[in-house]
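# A structural walkthrough
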Amino acid sequence: MDSLSLFCTGALLAGGLYWFVCILGPAEQKGKRAVDLSGGSISSEKVQDNYKQYWSFFRRPKEIETTEKVPDFVDTFYNLVTDIYEWGWGQSFHFSPSIPGKSHRDATRLHEEMAVDLIDVKPGDRILDVGCGVGGPMRAIAAHSHAKVVGITINEYQVNRAKLHNKKAGLDTLCDVVCGNFLQMPFSDNSFDGAYSIEATCHAPKLEDVYAEVFRVLKPGALYVSYEWVTTDKYNGGNPEHVEIIQGIERGDALPGLRSYADIAETARKVGFEVVKERDLAKPPAQPWWTRLKMGKIAYWRNHIVVTILAALGIAPKGTVDVHEMLFKTADYLTKGGETGIFTPMHMILCRKPETPTSS
Ligand SMILES: C=C(CC[C@@H](C)[C@H]1CC[C@H]2C3=CC[C@H]4[C@H](C)[C@@H](O)CC[C@]4(C)[C@H]3CC[C@]12C)C(C)C
Ligand SMILES: C[S@@+](CC[C@H](N)C(=O)[O-])C[C@H]1O[C@@H](n2cnc3c(N)ncnc32)[C@H](O)[C@@H]1O
């Protein structure tokens, strides 16, 4: 090979590698790098076992129905997926409607700001983020509203990630994060001026339990908004294809059982809330939320190769490949859920805690 063809081959290889890693690269450029993928709070050698344990819950559905076991199962799930989510999606672990001409990052931020705008918050108010993840929404909401946000998550690894991100963003004076169970929150009665939950309460085995806790900690007159994962009126439990899609979503997202849209307002009223507004934010004119999942398909293949190589080299924990594969399949089920219209991740409910207690 003469030196010119050697140079051209080298340049092509380098260009290809650059395209593969950087241009095709992760959805979120800042934050997690592939070489830092971990099993959250699970030690590297136990990731594979924990993944098997996660699946064993679904072989014994009764276990998932047992309320006390669910938070542990959800905690294990988030140890397994948090780094992959951050690496491939960003710091906000939720969907948002696509907005023509806007980036995913902007569409995500607008969806988060809408939540805080709905609960009518003033600068300096103390508000609660129920199921806060690594705090993407919390930071957008604090920066937009100047309210003080307290987030709660069951996963200790997420608490540490969220605190680190808050500090880096210079928002640690406005944002605080607590490790705890939203079914039994470590906060006093009547202590928050508002609350929101973004795609998190779907992990509660009984929605009533988490709504009752939010009701307890809110001040009278305060508002709570939630974006719920639900099946829509198009879902037909007698259709095997529908059942397969919904089961696929439940298994790949640590859900003890998806609820119907019709259960949400009923549950809110049952715990004492007044329902101010309820709407599926995915309905037209909103643009599809699942296009981002579909568009990322080539990057997911690239990620699969990267994860396989890193696990083979012992850089990523064994088991990361299985977790990644599970998410890959989940993305397909979610897309089908969106395309058929039987599922929405953004059924919005806005509730108020009455000024005076209602007699039951
Ligand atoms: C609200 C929840 C999480 C919603 C979403 C943030 C996540 C649901 C499915 C996830 C993903 C699927 C495919 C992954 C891909 C194979 C990988 O290469 C990069 C990360 C993914 C895109 C990942 C990112 C987060 C999701 C979109 C639930 C849990 C209640
Ligand atoms: C899909 S993530 C959404 C996170 C965040 N709202 C966002 O949009 O980025 C769901 C969150 O709910 C939290 N969660 C689930 N069950 C919980 C429980 N019982 N108590 C506290 N947090 C819980 C998870 O730990 C995770 O942080």
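See the structure printed just above.
These remarks concern the structure in this document. (Residues numbered from 1 in each chain as written. Chains lettered and ligands numbered in written order. Predicted model: local features only at pLDDT ≥ 70, side-chain atom pairs only at ≥ 80, totals over all residues. Heavy atoms only, no water.)

### Side note on the site of ligand 2
In plain terms, the rule: Working definition: residue near molecule or strand if any one of its non-hydrogen atoms lies within 4 Å of it. Polar contacts, as counted here, are pairs of nitrogen or oxygen atoms within 3.5 Å of one another; within protein the pair requires one atom able to donate a hydrogen and one able to accept it, and residues that are adjacent in sequence qualify only if both atoms are side-chain atoms. The Shrake-Rupley method, run with a 1.4 Å probe, gives the accessible areas here. Residue values count only the displayed protein chains as cover.
For ligand 2, the set of nearby residues contains 19 residues, the closest of which are F93, G131, T153, Q158 and F182. Measuring from a nitrogen atom of ligand 2, one finds a backbone N or O atom of G131 at 2.8 Å. The contact in question runs from an oxygen atom of ligand 2 to an N or O atom on the backbone of G133, over 2.9 Å. Protein contacts shield 97% of the accessible area of ligand 2, which totals 590 Å² for the unbound molecule.

### Description of the pattern of salt bridges
Heads up, the rule is: A side-chain nitrogen of Lys or Arg and a carboxyl oxygen of Asp or Glu constitute a salt bridge if their distance falls within 4 Å. Helix and strand assignments follow DSSP, with helices taken as H or I runs no shorter than four residues and strands as E runs no shorter than two, numbered in order from the N terminus. Each residue gets one of three labels from its accessible area relative to the maximum for its type: buried under 20%, exposed over 50%, partly exposed in between, using a 1.4 Å probe on protein chains only.
Evaluation of the coordinates by the stated rule reveals 13 salt bridges. Among the salt bridges present, the one from R33 reaches D36, with a minimum N-O distance of 3.2 Å. Residue R216 is joined to D189 by a salt bridge in which the shortest nitrogen-to-oxygen separation is 2.7 Å. In this pair, R216 sits in helix 8 (residues 207–217) while D189 sits in the loop between strand 3 (175–179) and strand 4 (192–198), placing the two residues 27 residues apart along the sequence. Residue R216 is classed as partly exposed on the basis of its relative accessible area, which comes to 24%. Each member of the salt-bridge network shares a partner with another, and the members are D106, R109 and E113.

### Concerning the state of the cysteines
Heads up, the rule is: Disulfides are defined as cysteine sulfur pairs within 2.5 Å.
Applying the stated rule across the entire model yields zero disulfides. Its sulfur unpaired, C132 is 9.2 Å from the next cysteine sulfur, which belongs to C179. Of the residues examined, C179 reaches a relative accessible area of 38% and is grouped as partly exposed.

### Some points on the site of ligand 1
How we decide: Method remark: on a 1 Å grid restricted to protein atoms, a set of points is classed as a cavity if a 1.4 Å probe fits but cannot get out and as a pocket if it is open with protein on both sides within 12 Å along at least five of seven lines; lining residues have an atom within 4 Å of a point. More than half of a molecule's atoms within 2 Å of the grid points is what it takes for that molecule to sit in a cavity or pocket.
Near ligand 1, the surroundings consist of 22 residues, among which Y78, Y85, W229, N303 and H324 are the closest. One of the side-chain N or O atoms of H324 is found 2.6 Å from an oxygen atom in ligand 1. Taking 630 Å² as the accessible area of ligand 1 by itself, protein coverage stands at 100%. When atoms are counted within 2 Å of each cavity's grid points, the one that captures over half of ligand 1 is the largest cavity. Elements represented by at least two residues in the shell around ligand 1 include exactly helix 4 (70–88), helix 12 (297–312) and helix 13 (320–340).

### Regarding the packing of helix 12 against helix 13
Applied cut-off: Orientation is described by axes fitted as lines to C-alpha atoms, over the contacting stretch for helices, and by angles from 0 to 180 degrees between their N-to-C directions. Comment on the angle field: the value is read as roughly parallel under 35 degrees, roughly antiparallel over 145, roughly perpendicular from 65 to 115, and oblique elsewhere. Should the near helix be turned counterclockwise from the far one by less than a right angle, the crossing is left-handed, whereas a clockwise turn marks it as right-handed. The contact definition used throughout considers only heavy atoms, calling two residues in contact when any of these lie within 4.5 Å. When residues are grouped by polarity, Ala, Val, Leu, Ile, Met, Phe, Trp, Tyr, Cys and Pro land in nonpolar, Asp, Glu, Lys and Arg in charged, and all others, Gly among them, in polar.
It is at 9 Å that the axes of helix 12 and helix 13 come closest, and there the two elements cross at 170 degrees. Considered as vectors, helix 12 and helix 13 are oriented roughly antiparallel to each other. In this structure, the crossing between helix 12 and helix 13 has a hand that is left-handed. Along its contact with helix 12, which presents K297, Y300, W301, N303, H304, V307, T308 and A311, the element helix 13 presents T320, V321, H324, F328, A331 and D332. When its residues are assigned to classes, the contact of helix 12 with helix 13 shows seven nonpolar, five polar and two charged.

### So, the nonpolar core
Across soluble globular proteins, nonpolar side chains show a tendency to be buried alongside one another. The condition is simple: To form a nonpolar core, buried Ala, Val, Leu, Ile, Met, Phe, Trp, Tyr and Cys residues must be joined to one another through side-chain atoms within 4.5 Å.
Counting 45 residues, the largest nonpolar core has Y196, V225, W229, I249, W289 and F343 as the members making the most contacts within it. What W289 contacts, discounting residues up to four positions off in sequence, is F95, S96, P97, S98, A282, L334, G338, F343, P345 and M346. If you look at the next biggest cluster of nonpolar residues, it comprises 29 residues, including F182, F215, L218 and I264.

### So, the side chain of H111
In this fold, H111 is placed in helix 5 (residues 104–118). Contacts of H111, omitting those with residues within four sequence positions, involve H94, F95, S96, P97, Y227, L281 and M346.

### Thoughts on the environment of R251
With respect to the helices and strands, the residue R251 is situated in helix 9 (residues 240–252). A residue is classified by how much of its surface remains accessible, and R251, at 31% relative accessible area, is partly exposed. Along the sequence, R251 and F58 sit 193 residues apart, while their C-alpha atoms lie 7.2 Å from each other.

### A word on the pairing of strand 1 (residues 126–130)
Each regular strand shows side chains that alternate between the opposite faces of the sheet. Rules: Between any two strands, at least two bridges found by DSSP are needed for them to pair.
Among the five residues that make up strand 1, four are buried, leaving the element largely enclosed by the rest of the structure. Two elements, strand 1 and strand 2 (residues 148–153), share five bridges in a ladder whose sense is parallel. Its bridge partner lying in strand 2, I127 is registered against V149. Across three bridges, the pairing between strand 1 and strand 4 is parallel.

### Some thoughts on the environment of V307
Structurally, V307 can be placed in helix 12. Assessed through its relative accessible area of 1%, V307 is described here as buried. Beyond its immediate stretch of four places on either side in the chain, V307 contacts L37, W87, T320, V321 and H324.

### What about the side chain of T108?
Along the chain, T108 turns up in helix 5. Given the relative accessible area of 8%, T108 is considered buried. Beyond its immediate sequence surroundings of up to four residues, T108 is in contact with S92, H94, S96 and R292.

### Re unusual backbone geometry
A cis geometry characterises the amide bond from P284 onward to P285, with omega recorded as 10 degrees. Position of P285 among the secondary structure elements: in the loop between strand 7 (274–280) and helix 11 (291–295). At E199, a residue that is not glycine, the phi angle is positive and equals roughly 50 degrees. Topologically, E199 is positioned in the loop between strand 4 and helix 8. Even without a glycine there, the phi angle at A254 is positive, about 55 degrees.

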